[in-house]
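# Close look at the chain arrangement
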Amino acid sequence: MNTDKYECKLDSDLAVKARNELREDENLRSQSLDQLREWISKHPKIKRCRTDAKFLMRFLRTKKFSVPNALELLQNYLQTRKNLSYIFECLDPQDPDIDRLITNGIITILPEPDAFGCPVVLFQADNFDPKRSTVPHAMRLTNLIFEILSDDERSQICGITQIFDCSYISLELLGLFKVTHLKEFAQCWQTTFPLRHRIIYFVNMPTFAIALYNIFKSFLSEKLRNRLKVVDGWDIVRKDLGESVLPREFGGKIPNSDVFEAFKKRAYKYRDEILTLNDFDIESSENEVNFGNTHDADLDSAIVGSFRKIEVD
């Protein structure tokens, strides 16, 4: 069994936050790592899995060092990665489809954390070209970003903030989303990755997007639904998070082009680490992470029909 020790390199502020909010100290870390490794070794379905401290700490911190809950999250993570492999196997920033989305700034991690110390993910829908990219491409980039943040100690301790800029979202883009996409994204969001979501802003959502938003919201837990915040304009976001956090285009200081370039460098830096995450094995059946059902096609048709009506009107 892996017995490497976790080397605590937290700055003083993060160390205090971890102690106060997660009860984390050297003794708890050591005991929890030993217990989690033992449970993994006896798990009937997990056949191969990383057990180094760096990897396991992301699950323990997310679940505030509850070993049973951390093990359950780890199992969900491995099963989802296996059963939804089409959006997990190629989380490679050098892949042309992913590189294009990174370069265009569809989804980025902003250079600075927000006023609460949380890393911030910004989705900019108007930078997505439906003629060149697909929803699974965007889901792969989102999962790549979530892997980077899962490995980040600030994210593990403080949680993350997300912002969806819906200002220029198009009917063409919304028409690409199927109900199954929304279910799978919800699964990755709330029960797969070892991440705690502090708040999720939807800025300037057009009325024609509300139906799709409500369907997506219905797949989330009550806890996560309570963290969604639909706002008009950027004033509330700037007030909550701090102006300097955002790109210049939204009232901050750093231009989008520099934000995109900084994230691209970070994604390429993590490339080898992310690709090694494919080295695992778990027994899993399709129905354990199978979200499709006979009603999805009806919902898809209803959504497309409502979009067509808007276009006609």
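Provided above is the structure to which this section pertains.
Residues numbered from 1 in each chain as written. Predicted model: local features only at pLDDT ≥ 70, side-chain atom pairs only at ≥ 80, totals over all residues. Heavy atoms only, no water.

### A word on helix α10 (residues 210-218)
Among the residues of α10, L212, Y213, I215 and F216 are the ones counted as buried. On an axial view of α10, the arc spanned by its buried residues comes to 160°, and they lie on one face. (Buried < 20%, exposed > 50% of the residue type's maximum accessible area, 1.4 Å probe, protein only. Helix = DSSP H or I, 4+ residues; strand = E, 2+ residues; numbered from the N terminus. Arc of directions from axis to C-beta.)

### Section: the sheet that holds strand β6 (residues 228-231)
Taken in spatial order, the five strands of this open sheet run β2-β3-β4-β5-β6, and their pairing is mixed. On the outer flanks of this sheet lie β2 (107-109) and β6, each paired with one strand and no other. Within this sheet the neighbouring strands show an average axis-to-axis angle of 15°, counted without direction. (Pairing = 2+ DSSP bridges. Axes fitted to C-alpha atoms, helices over the stretch in contact; angles between N-to-C directions.)

### Digging into the nonpolar core
Counting 82 residues, the largest nonpolar core has L74, I145 and W189 as the members making the most contacts within it. Examining the composition of this core, we find that nine residues originate from one element, helix α6 (residues 135-150), more than from any other. In this structure, Y201, V231, W234 and L246 belong to the second largest nonpolar core, which totals 16 residues. (Core = buried A, V, L, I, M, F, W, Y, C linked by side-chain atoms within 4.5 Å.)

### Side note on the packing of aromatic side chains
How two aromatic rings sit relative to each other is given by the distance of their centres and the angle of their planes. One pass over the structure, following the stated rule, counts 14 aromatic pairs. An angle of 35° between the planes, with centres 5.5 Å apart, marks the rings of F185 and W189 as tilted. One end of the pair is F185 and the other is W189, both in helix α9 (residues 179-192) and four residues apart, which spans about a single turn. Here F185 matches W189 in class, with each residue buried. Members of the aromatic cluster, connected to one another through ring pairs, are F123, F164, F185, W189, F202, Y213 and F216. Stacked on the ring of F116, the Lys or Arg R198 has its end atom at 3.9 Å from the ring centre. (Phe/Tyr/Trp six-rings, centres within 6.5 Å; stacked < 30°, edge-to-face > 60°. Lys NZ or Arg CZ within 6 Å of the ring centre and 35° of its normal.)

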